Amino acid sequence: MQFTSFSFLFVFLPILLVLYYVCKPEIRKIVLLLFSLLFYSFGSPAYMLLLCVMTLLNIFLAILIQTFRDRNAILARIFLILGIICDVGVLVGYKCIDFILPLSNRIFDTSYETGIILIPLGISFFTFKAISFIADVYRKKIESVSFIDAANYLSFFAQIESGPIQRYNSFANERDFSGTLLATGVTRFMAGFAKKIVLADVLSKIVSEIFDSTLVMSTGLAWLGSVCFSLQLYYDFSGYSDMAIGIGNMLGIECEPNFNFPYCTKSVSEFWRRWHISLGSWFKDYVYIPMGGSRVKPYRVYINLFVVWFLTGLWHGTGLSFIAWGLGYFVVISIEKGFRFPSRFKSKITGNIYRIFVLLFINFQWVLFRSSGLKAGLRYIKDMVIFKHETIPALRAWFLLKDYGAFIILAIIFATPIAEFAKEKCEKNVKAQRIYDVISGVFILVAFILAVTFVICGQHSPFLYGNF
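Note that this is a predicted model, so its numbers are computed, not measured.

A.B. asks: Just checking my understanding: could you explain the overall build of the chain for this structure?
C.D. replies: On a plain count of helices and strands, the chain comes out with 19 helices and zero strands. A compact globule built from 468 residues should have a C-alpha radius of gyration of about 23 Å, and the chain, at 23 Å, falls within 12% of that. Dimensions along the principal axes, computed over C-alpha positions, put the chain at roughly 70 × 55 × 55 Å. Within the span of the chain, comprising 468 residues, buried residues form 50% of the whole. A sequence separation of at least 24 residues applies to 75% of the contacts in the chain between residues at least 6 apart. With an accessible surface of roughly 22200 Å², the chain has 68% of that area assigned to carbon and sulfur atoms. Both charge centroids of the chain, one from 43 positive and one from 29 negative side chains, sit 8 Å from each other.

Written out as structure tokens, the structure reads:
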């Protein structure tokens, strides 16, 4: 079941919300857990047992860690290591099986790259949440473990497929059932839904045609495909995050944003503080800092960075293209750290030139991310860098721009904080703020209705990060 499906929009979510608010407060958590398990059974029934087993295992180990962390630190650490080994072992096992097995033995489903998926729904995100959970219990950041809260945290349907990777304490905080948070959640969900359907899924038509084409590529067509994929992935993933956070808000759960206009970055390091914020924060808190972070000898800092980015690439996929993608970020971020880019640039011109380089680098990286393999990705980048003019591909690029140009322009505009800037300006005047709220509300409502009509016409596709 997808967030964008009719069954979710008009059956699953409404029934959940009605039951959730009708039931007594002490029953609501049970209702949420049952619906989370139901959602997962729709998405991947074959792995329902795995989810239950891994959830119970992590809760059991967390309780053991909590019991022994003050009495016997060594035993508590053993339980922590055991939990990490189990969680990572399941993830690595499935990823390796998915990489090694021949195509004839795989389970077929929708996927933007190969059309094949064997990995259980959301296993990567579940693994990271589970590790953060038992690690925080060990560190005493979680004082006591509540079974129902832990079970809900690990299996929460809104975050299980593609995050955000919320922390337990934030999730288990006292629920806010105010009308304000509920309204915020509805608005955020609608905005995320429109992002996904109206922008990401429309751009995917261009991306699929160009990347999956067997025809000769022209430089213009290659650039169009790469830029559109950069925008598609942003709206697909940030749209999912907005929908997930919005659902949480509707249920009284607050969660920090997962994206902050990443393409407005001034450096590659800053880009990863703006893109998939919860993932970067997870690697920082549970890998980088435990290894010593930046408080070690210089050569150790770069080793730590290497490990983080190697694991980041491996987390996204076992292919060479994903590993090269992760190590590419390691190289540039290491250079930025060593030479203090871009803070050492004194002039705006130099800073802006570097900013252009950053955006180009990120764009090339997304090509590796999207391509079917490392060779295909490098070949695609070659077509972008070395000018090649072919009449038919060039004409096709022009027709695509003509047909989808309005959507591309809108995607570029809304990838900037123009709406946030307007909101800040209007907040200085009560009347202006009311006008802004009305206009933005109507705009989101119209965009949501348009997105629903797209779904009715069958113009929607699965979330890209659902494959990770």
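A.B. asks: In this structure, what is going on with the pattern of salt bridges? I would like to understand it.
C.D. replies: Counted by the stated rule, this structure contains eleven salt bridges. R167 is paired through a salt bridge with D285; the nearest N and O atoms lie 3.1 Å apart. With R167 in the loop between α7 (157-160) and α8 (168-172) and D285 in helix α12 (residues 277-288), this pair connects stretches of sequence that are 118 residues apart. The shortest N-O distance in the salt bridge between E270 and R274 comes to 2.8 Å. Of the two residues, E270 and R274 both sit in helix α11 (residues 268-274), four residues apart, roughly one turn of that helix. One network of salt bridges, with partners in common, ties together R188, K195 and D242.

A.B. asks: It is not clear to me how the packing of helix α3 (residues 48-68) against helix α5 (residues 123-138) should be interpreted in this structure. Could you clarify?
C.D. replies: Think of two packed helices as two axes; the pair is described by the angle between the axes and how far apart they sit. Where α3 contacts α5, the axes come no closer than 8 Å and their chain directions differ by 15°. Taken together, the axes of α3 and α5 are roughly parallel relative to one another. Between α3 and α5 lies a crossing of right-handed hand. Along the contact surface, α3 presents L51, M54, T55, N58, I59, A62, I65 and Q66, while α5 presents F126, A130, F133, I134, V137 and Y138.

A.B. asks: Help me understand the environment of F357 in this model?
C.D. replies: Inspection of the secondary structure assignment puts F357 in helix α15 (residues 348-370). The partly exposed category is assigned to F357, whose relative accessible area is 39%. With 224 residues separating them in the primary sequence, F357 and F133 have C-alpha atoms 38 Å apart.

A.B. asks: In this structure, what is going on with the packing of aromatic side chains? I would like to understand it.
C.D. replies: The description of an aromatic ring pair rests on the distance of the ring centres and on the angle between the ring planes. Taken as a whole and assessed by the stated rule, the structure comprises 65 aromatic pairs. Ring centres of F128 and W282 lie 3.8 Å apart, and the angle between their planes is 10°; this geometry places the pair in the stacked category. Of the two residues, F128 is situated in helix α5 and W282 in helix α12; the sequence distance between them amounts to 154 residues. Across the pair, W282 and F128 agree in class, each one buried. Between Y234 and W275 the ring centres are 6.2 Å apart and the planes differ by 40°, which places this aromatic pair in the tilted class. Of the two residues, Y234 sits in helix α10 (residues 219-250) while W275 sits in the loop between α11 and α12, which places them 41 residues apart along the sequence.

Calculation rules
- Residues numbered from 1 in each chain as written.
- Predicted model: local features only at pLDDT ≥ 70, side-chain atom pairs only at ≥ 80, totals over all residues.
- Heavy atoms only, no water.
- Helix = DSSP H or I, 4+ residues; strand = E, 2+ residues; numbered from the N terminus.
- Rg over C-alpha atoms; globule rule 2.2 N^0.38 Å.
- Buried < 20%, exposed > 50% of the residue type's maximum accessible area, 1.4 Å probe, protein only.
- Contact = heavy atoms within 4.5 Å.
- Areas by Shrake-Rupley, 256 points an atom, 1.4 Å probe, with all protein chains shown as cover.
- Lys, Arg positive; Asp, Glu negative; His and termini not counted.
- Charge placed at Lys NZ, Arg CZ, Asp CG, Glu CD.
- Salt bridge = Lys/Arg side-chain N within 4 Å of Asp/Glu carboxyl O.
- Axes fitted to C-alpha atoms, helices over the stretch in contact; angles between N-to-C directions.
- Parallel < 35°, antiparallel > 145°, perpendicular 65-115°, else oblique.
- Left-handed = near helix turned anticlockwise from the far one by under 90°.
- Phe/Tyr/Trp six-rings, centres within 6.5 Å; stacked < 30°, edge-to-face > 60°.

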